[in-house]
Amino acid sequence: MRIFGVILAGGAGRRMGGVDKAFVRLAGRPLVAHVADRLEPQVERLAISANGDAARFSFGLPVLADVQGAGPLAGVLAALIWAKPLGATAVLSAPVDAPFLPGDLCPRLCLAAEQAAQGLAIAQAGDRAHPTFGLWPVALIGPLSEFLTSGVNPKVMDFTRAHGAVEAAFPDARAFANLNTPEDLSHAEAMLSGRPA
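The residue numbers shown here count from 1 along each chain, following its written sequence. Note on the predicted model: pLDDT of at least 70 is required for a residue's local features to be given, and 80 or more for side-chain atom pairs to be given and counted; whole-chain, interface and lining totals, by contrast, use all residues. Computation of side-chain values: all heavy atoms of the structure, hydrogens and water removed.

**Structural notes on unusual backbone geometry**
Put simply, the test is: Secondary structure elements follow DSSP: runs of H or I of four or more residues count as helices, runs of E of two or more count as strands, with numbering from the N terminus.
Phi is positive for Ala27, which is not a glycine, with a value near 50 degrees. As for its placement among the helices and strands, Ala27 is situated in the loop between strand S2 (25-26) and strand S3 (29-30).

**Brief notes about the sheet that holds strand S5 (residues 63-64)**
In plain terms, the rule: At least two DSSP bridges between two strands are needed for those strands to be called paired. We call two residues contacting when some pair of their heavy atoms lies within 4.5 Å. As a rule, the C-alpha atoms of each element are fitted with a line to give its axis, helices using only the stretch in contact, and angles between N-to-C directions run from 0 to 180 degrees.
Judged by pairing direction, the sheet is mixed, and its seven strands sit side by side in the order S5-S4-S1-S6-S8-S7-S9 without closing on themselves. The two strands at the open ends of the sheet, each matched to only one other strand, are S5 and strand S9 (166-169). Relative to strand S6 (residues 90-95), strand S1 (residues 3-8) runs parallel, the two sharing six bridges. Bridging across to S6, Ile7 finds its partner in Ala94. Seen against the sheet, helix H2 (residues 72-83) touches S1, strand S4 (46-49), S5, S6 and strand S8 (128-137) and runs at an angle of roughly 145 degrees to S1.

**Some words on the nonpolar core**
As a reminder, the rule being used: Take the buried Ala, Val, Leu, Ile, Met, Phe, Trp, Tyr and Cys residues and link them wherever side-chain atoms come within 4.5 Å; each set so joined is a nonpolar core. Think of it in three bands: residues with accessible area under 20% of the maximum for their type are buried, residues over 50% are exposed, and the middle band is partly exposed, with areas taken using a 1.4 Å probe on protein chains only.
Within the largest apolar cluster, 35 residues are counted, with the highest numbers of intra-cluster contacts made by Ile7, Leu92 and Leu105. Of all the secondary-structure elements, those providing two or more residues to this core are S1, helix H1 (31-39), S4, S6, helix H3 (105-113), strand S7 (121-125) and S8. Examining the composition of this core, we find that six residues originate from one element, H3, more than from any other. Those residues in contact with Leu92 that sit more than four places away from it in its chain are Ile3, Phe4, Gly5, Val6, Leu39, Gln42, Val43, Leu105, Cys106, Leu109, Gly134 and Leu135. Formed by 26 residues, the second largest nonpolar core is a distinct cluster that contains Ala74, Ala79, Trp136 and Phe147.

**What about the packing of aromatic side chains?**
Cut-off, in case you're wondering: Any pair of Phe, Tyr and Trp rings, taking the six-membered ring for Trp, is counted once the centres come within 6.5 Å. Such a pair is stacked with planes under 30 degrees apart, edge-to-face with planes over 60 apart, and tilted for the rest.
Under the defined criterion, the tally for this structure stands at six aromatic pairs. Ring geometry for Phe4 and Trp82: centres 5.4 Å apart, planes at 55 degrees, overall tilted. One end of the pair, Phe4, is in strand S1; the other, Trp82, is in helix H2, and 78 residues separate them in sequence. This pair shows no difference in class: Phe4 is buried, exactly as Trp82 is. Relative to Phe176, the ring of Phe170 has its centre 5.2 Å away and its plane inclined at 75 degrees; by these criteria the two rings are edge-to-face. Comparing Phe170 with Phe176, the two get one shared label, buried. Taken together through their ring pairs, the aromatic side chains of Phe133, Phe170 and Phe176 make up a single cluster.

**Some thoughts on the pairing of S1**
For S1, a buried count of six out of six residues is recorded, marking the element as mostly surrounded by other parts of the structure. The two faces of S1 match: Ile3, Gly5 and Ile7 on one face and Phe4, Val6 and Leu8 on the other face are all buried.

The structure is reproduced here in structure tokens:
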């Protein structure tokens, strides 16, 4: 398998005050840098899915505009369309506001995907699914494009359920913490510095 990666950075950051979450700083570095550090060693190539001026990302990574502007799934579709002609088998996704994502995200999802009819796997921890942390086969380009243009509210879990996603269990739910609010950011800073939150 040839697995590429994508950082999903297309959100509006409303609960963070409308800021570009990719550039919110944690321990002095932007969130996108933390996620890239964890994701890049697990994949053959890495890209960022984001809208707006691509030049603001100076990380030497390709920046992919959302294909249909419909939340995380639009970012996944953009990544699949980018990755397929480059020879990728699947794309590993993670959101830009999850700086503690597991270092073994890719191998665990690959193992789970072997049990999935369509090779689709998502993360599960703390008794809940985390579908933006997923392994998406390039064969899903057609079905995902159809889903996003079907007129329904494009929920990630609806698509993953409909396509037989298998959940890969992870032991530490904190690895999937999303930093959605200033309070979440303060808690993450405290965690990194060893202070009580």
